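So you can see what is in the structure, the chains are spelled out below.
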Amino acid sequence: MKNVNGYELLSVIIPIRVSSDREYVLSNLKRQLAEIHGAKLINFLIIDSGSNKRYSTILKNICKSYNVKYLFHDTRGEIFSVGAARDFGAQYALSDIIMFMDVDLVWDVDFYEKIVSEIKLRKMTVYINSFFIVPCFYLSENGSNEFLEIDRKLAFYQVRRWHEYQTFGKIDAYTPSTSVMVVNRDHYLSLGGHRKEFYGHGCEDFELIHRLAVNFPKYSRPNNYYLNNGNYESIEYEGFRALFGLYGEIAMRSSLFLIHIWHTRPNKGGYHGSMQRNKKLLTNLMVKYDQDKIGPSPLADLNLNKKTLILGVKGDRSWLSIRQILPYLGEVEYRSEFTFNSNEEFENFLIGNNIVKLFFWNPYGNETRLQLYKWAKNSNFPFMVFERGALPDAWFIDETGFNADSTKYDCQNWQHIQGDVLDETSFYIDNLIECGHTLEENGARVGKDLLRENLDKLYRVGNKKVLFIPFQRPSDTVIKYFSGDIGGYEQFCELVTNVQRKLDPNEWVVLAKKHPLETQRPIVGSDVIFVGDDTHIYDLLSLADKTLLMNSGVGVLAMLFKTPLCYVSDCFYGIEGVNKKASNLDEVMTFINEPQSVDWEKALQFIAYLKNDFYSFANTSTYIRKEEDGSLRSITEKLIFTEIKQLSSRTLFFQYDDAEVPWNSKAYGEFLPSVIRTRKNKNTKNFIRTSDNNSPTPSLSTNKIIIDNSLKSRSFKERLERKSLKLIREPITFFKDAIR
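Bear in mind the structure is a predicted one, so any value in this text is a computation, not a measurement. Every chain is numbered on its own, with residues counted from 1 as its sequence reads. Totals for whole chains, interfaces and linings use every residue, but because this is a predicted model, local features are given only for residues with pLDDT of at least 70 and side-chain atom pairs only at 80 or more, for both listing and counting. Where side-chain values are given, they derive from all heavy atoms of the structure, hydrogens and water being excluded.

1. Some details on the overall build of the chain
Where helices and strands are cited, they refer to DSSP runs of H or I of at least four residues and of E of at least two residues respectively, numbered from the N terminus. Broken down by element type, the chain carries 25 helices and 25 strands. A burial count over the chain gives 53% of its 740 residues as buried. Should any heavy atoms of two residues lie within 4.5 Å, those residues are counted as being in contact. The contacts in the chain between residues at least 6 apart in sequence include a share of 72% that link residues at least 24 apart. Throughout this description, buried means an accessible area under 20% of the type-specific maximum (1.4 Å probe, protein chains only), exposed means over 50%, and partly exposed covers the range between.

2. Focus: the pairing of strand E13 (residues 357-361)
By the criterion of burial, E13 is predominantly enclosed, with five of the five residues buried. Burial of E13 is two-sided: the residues Lys357, Phe359 and Trp361 facing one way and the residues Leu358 and Phe360 facing the other way are all buried. As paired elements, strand E11 (residues 307-311) and E13 share three bridges and run parallel to each other. Each bridged residue has a counterpart across the sheet, and for isoleucine 310 the counterpart in E13 is phenylalanine 359. On the question of chirality, the crossover connecting E13 to the parallel strand E14 (residues 383-388) by way of helix H13 (residues 367-379) is right-handed. For two strands to count as paired, DSSP must find a minimum of two bridges between them. Whether a crossover is right-handed depends on one test, that the path from the first strand over the helix to the second runs clockwise when the strands point away from the viewer.

3. Topic: unusual backbone geometry
Although it is not a glycine, asparagine 305 sits at a positive phi angle of roughly 50°. Along the polypeptide, asparagine 305 turns up in the loop between helix H10 (275-292) and E11. When its relative accessible area of 73% is taken as the criterion, asparagine 305 is described as exposed. Despite not being glycine, asparagine 354 shows a phi value in the positive range, around 55°. Take asparagine 354: it is sitting in the loop between helix H12 (343-352) and E13. Asparagine 354 sits in the exposed class, given a relative accessible area of 57%.

4. A closer look at the packing of helix H1 (residues 24-34) against helix H2 (residues 53-66)
Here H1 crosses H2 at 15°, and the two axes come no closer than 10 Å. It follows from the interaxial angle that H1 and H2 lie roughly parallel. Crossing handedness for the pair H1 and H2: right-handed. Touching Leu26, Leu29, Lys30, Leu33 and Ala34 of H1 are Tyr55, Ile58, Leu59, Ile62 and Tyr66, all from H2. Fitted lines through C-alpha atoms serve as axes, helices being fitted only where they are in contact, and the angles separating the N-to-C directions of these axes extend from 0 to 180 degrees. For classification purposes, angles smaller than 35 degrees are called roughly parallel, those larger than 145 roughly antiparallel, those between 65 and 115 roughly perpendicular, and all remaining angles oblique. By convention the crossing between two helices is left-handed if the near helix lies anticlockwise of the far one by an angle smaller than a right angle, and right-handed if it lies clockwise.

5. Some details on the nonpolar core
The definition of a nonpolar core used throughout is a set of buried Ala, Val, Leu, Ile, Met, Phe, Trp, Tyr and Cys residues joined through side-chain atoms within 4.5 Å. Residues Leu350, Leu358, Leu511, Tyr573, Phe606, Leu610 and Tyr615 are the most contacted members of the largest nonpolar core, which totals 74 residues. At eight residues, the largest contribution of residues to this core is made by helix H21 (residues 600-614). Once residues lying within four places of it in the same chain are set aside, the contact partners of leucine 610 are Leu391, Tyr409, Val556 and Tyr615. Phe131, Phe216, Leu243 and Tyr289 belong to the second largest nonpolar core, which has 50 residues in total.

6. Concerning the environment of isoleucine 417
Locating isoleucine 417 in the fold gives a position in the loop between strand E15 (394-398) and helix H14 (420-435). Accessibility expressed as a relative area gives 8% for isoleucine 417, which makes it buried. Between the C-alpha atoms of isoleucine 417 and glutamine 605, which are 188 residues apart in sequence, the distance is 5.8 Å. Setting aside anything within four residues of it in sequence, one finds isoleucine 417 in contact with Leu422, Gln605, Ala608, Tyr609 and Asp613.

7. Let's talk about the sheet that holds strand E10 (residues 258-260)
Spatially, the four strands line up as an open sheet ordered E5-E10-E7-E8, and their pairing is mixed. Each edge of the sheet is formed by a strand with only one pairing partner; in this case those strands are strand E5 (105-106) and strand E8 (171-175). Here E5 pairs with E10 via two bridges, running antiparallel. Its bridge partner being in E10, valine 106 is matched across the sheet by isoleucine 259.

8. Structural notes on helix H20 (residues 585-593)
Of the positions making up H20, those classed as buried are Val588, Met589, Phe591 and Ile592. The buried residues of H20 occupy an angular sector of 155° when projected down its axis, which confines them to one face. Away from its buried face, by an angle of more than 90 degrees, H20 presents the exposed residues Asp586 and Asn593. Of the surrounding elements, those touching the buried residues of H20 are strand E16 (465-470), helix H17 (489-502), strand E17 (508-513), strand E19 (546-549), strand E20 (565-567) and strand E21 (580-581). It is the directions from the helix axis to the C-beta atoms that the arc portrays.

9. Some thoughts on the environment of asparagine 184
Tracing the backbone shows asparagine 184 in strand E9 (residues 181-184). Residue asparagine 184 is classed as buried on the basis of its relative accessible area, which comes to 3%. Considered as a pair, asparagine 184 and isoleucine 97 are 87 residues apart in the sequence and their alpha carbons are 4.5 Å apart. Ignoring sequence-local partners within four residues, the contact set of asparagine 184 consists of Asp96, Ile97, Met124, Thr125, Ile128 and Ser130. Here a polar contact is recorded for every N or O atom pair within 3.5 Å, except that within protein the pair must consist of a potential hydrogen donor and a potential acceptor, and residues adjacent in sequence are included only if both atoms are side-chain atoms. Here the side chain of asparagine 184 touches histidine 187 through a polar contact of 3.2 Å, landing on its backbone nitrogen.

10. Overview of the environment of phenylalanine 468
The residue phenylalanine 468 is located in strand E16 in this model. Here the alpha-carbon distance between phenylalanine 468 and lysine 546, two residues 78 residues apart in the chain, equals 6.4 Å. Not counting residues within four places of it along the chain, the set of residues in contact with phenylalanine 468 comprises Leu511, Ala512, Lys513, Ile537, Leu540, Leu541, Ala544, Lys546, Thr547 and Leu548.

11. Side note on the pairing of strand E7 (residues 136-139)
Within a regular strand, side chains alternate between the sheet's two faces. As paired elements, E7 and E8 share four bridges and run antiparallel to each other. When the bridges of E8 are listed, leucine 139 appears paired with isoleucine 171.

12. Structural notes on the packing of aromatic side chains
The rule is short: rings of Phe, Tyr and Trp, with Trp giving its six-membered ring, pair when the centres are within 6.5 Å, and they are stacked under 30 degrees, edge-to-face over 60, tilted in between. All chains considered together, the criterion is met by 54 aromatic pairs. Judged by centre distance (5.3 Å) and plane angle (45°), the rings of phenylalanine 240 and phenylalanine 244 are tilted. With phenylalanine 240 and phenylalanine 244 both in helix H9 (residues 240-252) and four residues apart, this pair spans about one turn of that helix. The buried category is assigned to phenylalanine 244, whose relative accessible area is 0%. For the pair phenylalanine 471 and tyrosine 489, a centre-to-centre distance of 6.4 Å together with 65° between the ring planes defines the contact as edge-to-face. With phenylalanine 471 in the loop between E16 and helix H16 (477-481) and tyrosine 489 in helix H17, this residue pair connects regions lying 18 residues apart in the sequence. Comparing phenylalanine 471 with tyrosine 489, the two get one shared label, buried. The aromatic ring of tyrosine 225 is capped on one face by arginine 221, whose charged end is 4.0 Å from the ring centroid. For a Lys NZ or an Arg CZ to count as sitting over a ring, it must be within 6 Å of the ring centre and within 35 degrees of the ring normal. Over the face of the ring belonging to tyrosine 428 we find lysine 611, whose NZ or CZ atom lies 5.3 Å from the ring centre.

13. Notes on the pattern of salt bridges
Salt bridges are identified by distance alone: a Lys or Arg side-chain nitrogen within 4 Å of an Asp or Glu carboxyl oxygen. Inspection of every chain in the model, using the stated rule, returns 31 salt bridges. Residues glutamate 118 and arginine 122 are paired through a salt bridge, measuring 3.1 Å at the closest nitrogen-oxygen approach. In this pair, glutamate 118 and arginine 122 both sit in helix H4 (residues 111-122), four residues apart, roughly one turn of the helix. Classification of arginine 122 as buried rests on a relative accessible area of 15%. Of the charged contacts, one joins arginine 677 and glutamate 236 as a salt bridge, the two residues approaching to 2.9 Å between their closest N and O atoms. On the criterion of sequence distance, the pair formed by arginine 677 in helix H22 (residues 672-680) and glutamate 236 in the loop between helix H8 (204-214) and H9 is long-range, its members being 441 residues apart. Arginine 677 gets classed as partly exposed once you look at its relative accessible area, which sits at 47%. Its relative accessible area of 35% is what places glutamate 236 among the partly exposed residues. What emerges from the salt-bridge pattern is a single network uniting Asp108, Asp110, Lys114 and Lys153.

Here's what the structure looks like:
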């Protein structure tokens, strides 16, 4: 079983640093490599982290003689960091799954065969958040000597018997939670690997396992979770080690475990002397990650051998929200666009730093960024644009442009799509409409008939034809830069007013909806009816006979409902036979007054292309922030991708294992009585599902609203406007409410 690039399923990464007081690791390495002959679906990477030249030469020769890959991690003169060495190996590994192995450990004869079986059983190439740990027995000097004298297969049975019978003097420690973890490489790189804040020996593995467990919440968290209880023999379910151990105990049930052979310890100091500092750091970092879910920056896939410049600030939440994308950009450099005073200075920076690609999040976000984007387009310098798509949970990566200035939407990209793909797309559209999932927050769906009935009670719309106007944000990029012949937002508002005045009020009603993030309604004629802010966009599109807009993404949603659409600005979804472009009032009125139809096959082809070939999809977590000027802004907090397109020659698919182990399951092993007692204790507040707040797979987009949307928070002008309209349309109700 090889991955799509032709590489083995599993890469085993063995970090090592040889020094005069640790020469014994050379014989350990030879012993390990001698035992891997015939291991299937596996390759081994030896990471030499900072050994001196003499020992590096010896290591190279050992690796050559056993035909395994040797990589030098240049850390000479630095305190050895096993976490950094493992990360370095992960960045150069070519397999879908990686495993960390210590050079001091001994494995059973069929160990790797069982590891591969466990990977396949868990479908770890599919469920990327899945991981497991391999437990380890640390033998005493006496136990090690006896172990090495016995036949290997029998020796492993003997160790398990020593453990079960508590045989004195044979085992120094049993550790179900070790640094030997098996994890999906893509997932590992996106999480950022080990934290650089740790140095020397101790705790960096626990912090990493904490993040892995948060994203793979199989078990309930124990009491006093942050307690660093070093006793793995306890049957009380408390402290993080108890939880982490469960990720190893499941491997133990498959007889997957390792043996650590006793050896003399080097002098404490340097590498081992940092333990106390690291313990204090561990708790702080675990608490912080639980609070903000911001881990270290993602690790680059160094096999790509390229360097990308991101126009932005490193550590900014927006970039960390796309951490699953960042490893595929290779080595990443961050620079604010405001760093550069001219295109020439920008070009010199790219050349001097060996940058081969640019990455923009909305290149039209500000004038400075726009100028650099235009330079890249005009100079044919490779770039990628990342932004939100027009379908729910959709995002796009575009190497040709942004929105209307991109060639990705041209008909030659999708007009060939036929057959079953269109049937599948029709099914996708039906499901999307049925579930009511949208880009922005909407109220509950009521259906077009009930919506008309409710509007008739308020505005006497009767059976009039409906012209629907979905307004955009005046500050939107596409409004500012892609308005086209219509001129701008104010001119569009004027157009809407004039359209309403020209329509026969006995035949037509104009319904409008302001953008969900706008606090003020657009200024248009008083006879334009603004529906409630929570009115579902799908109900409006279903009710509408025709729709008029500038260049909103609602234009794509209109295709789903076969609603005839007229757009008056530059957009990416203009398709002859599906919608129509108008440049002035007369052309809009012609569109409204003449019969219109939607070429359903073309609409299906276009949606099929967006869904299957162009758009990436991610469960999106956002929150709404109120700015100093009172305006609202939607902030992307986290994206959990299910599909990523345009990053490689193939679509990257991601699934997540979010099945939880029941609290009364025997998977809790010796902790089960403690778990049951705690579960029944209603006063226990610390016993929580790790998924309660940390589930990696939210079913729908999550929006945290942190502003007051009550009537009292509306401006005086808006309240006056609403009361005036109520007086005109419902005078009896107005006076009844006024005297209450």
